[in-house]
Amino acid sequence: MALYESIAFALFALVTVGSAAGVVLVRDVWHSALLLGVSLVSVAVFYVMNQAAFVATMQILVYVGGVLVLITFAVMLTREDESVIEVTP
């Protein structure tokens, strides 16, 4: 393995582990979903590094495209509107 491949692997390994830890540790659901997207895309980079382009494409289309959009819609639809002030007599 060449030096550049080792450096790229180490860089994307740090990105993957850091964003996966951020998914668990971040309190905001929106930021957690974005970190999940970063983690899933960096896993797709590992597939590309192993010459598995089809698996990387399916990783991006199915997981990042499908699951992350589903989480985004769930977050947007279930968020409570803070601008509405309820007045009780």
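Residues numbered from 1 in each chain as written. Predicted model: local features only at pLDDT ≥ 70, side-chain atom pairs only at ≥ 80, totals over all residues. Heavy atoms only, no water.

## Examining the packing of helix H1 (residues 3-25) against helix H2 (residues 29-49)
Spelled out, the test is: In this analysis an axis means a line fitted to C-alpha atoms, helices contributing only their contacting stretch, and an angle means the value between N-to-C directions, from 0 to 180 degrees. The helix count covers DSSP runs of H or I at least four residues long, the strand count covers runs of E at least two residues long, and both are numbered beginning at the N terminus. Each angle gets one of four labels, with under 35 degrees taken as roughly parallel, over 145 as roughly antiparallel, 65 to 115 as roughly perpendicular, and the rest as oblique. Helix crossings get a hand from a simple test, with the near helix turned counterclockwise from the far one by less than a right angle marking a left-handed crossing and a clockwise turn marking a right-handed one. Any two residues whose heavy atoms approach within 4.5 Å at even a single point are treated as in contact.
As a packed pair, H1 and H2 sit with axes 8 Å apart at the nearest point and diverge in direction by 155°. Compared by their axis directions, H1 and H2 come out roughly antiparallel. In the crossing of H1 with H2, the sense of the turn from one axis to the other is left-handed. Between H1, through Glu5, Ala8, Phe9, Phe12, Ala13, Val15, Thr16, Ser19, Ala20, Gly22 and Val23, and H2, the contact on the second element is made entirely by Ser32, Leu35, Leu36, Val38, Ser39, Ser42, Val43, Val45, Phe46 and Met49.

## Quick look at the packing of aromatic side chains
Any aromatic ring pair is given by two values, namely how distant the centres are and how the planes are angled relative to each other. Rules: Only Phe, Tyr and Trp rings are paired, with Trp represented by its six-membered ring, and only when their centres lie within 6.5 Å; those with planes under 30 degrees apart are stacked, over 60 edge-to-face, the remainder tilted.
Tallying each qualifying case throughout the model produces 1 aromatic pair. With a centroid separation of 5.4 Å and an interplanar angle of 55°, the aromatic rings of Phe9 and Phe46 are classed as tilted. Placement of Phe9 in helix H1 and of Phe46 in helix H2 is noted, with a sequence separation of 37 residues between them.

## Let's talk about the packing of H2 against helix H3 (residues 53-78)
Short version of the rule: Following the grouping adopted for this structure description, the nonpolar residues are Ala, Val, Leu, Ile, Met, Phe, Trp, Tyr, Cys and Pro, the charged ones are Asp, Glu, Lys and Arg, and the polar ones are all others, Gly among them.
For the pair H2 and H3, interaxial distance at closest approach is 9 Å and the crossing angle is 175°. Considered as vectors, H2 and H3 are oriented roughly antiparallel to each other. Counting all contacts with H2, which are made through Val29, Trp30, Ala33, Leu36, Gly37, Leu40, Val41, Val43, Ala44, Tyr47 and Val48, the residues of H3 involved are Val55, Ala56, Gln59, Ile60, Tyr63, Val64, Leu68, Ile71, Thr72 and Val75. Split by residue class, the contact of H2 with H3 holds 18 nonpolar, 3 polar and no charged.

## What to know about unusual backbone geometry
Peptide bonds are trans in most cases, and residues, glycine excluded, mostly fall at negative phi. The condition is simple: Note on classification: 1.4 Å probe, protein chains only; a residue is buried when its accessible area is under 20% of the maximum for its type, exposed when over 50%, partly exposed between these limits.
Although it is not a glycine, Gln51 sits at a positive phi angle of roughly 55°. Summarising the element assignment, Gln51 is placed in the loop between H2 and H3. Judged by relative accessible area, Gln51 falls into the exposed class, the value being 71%.

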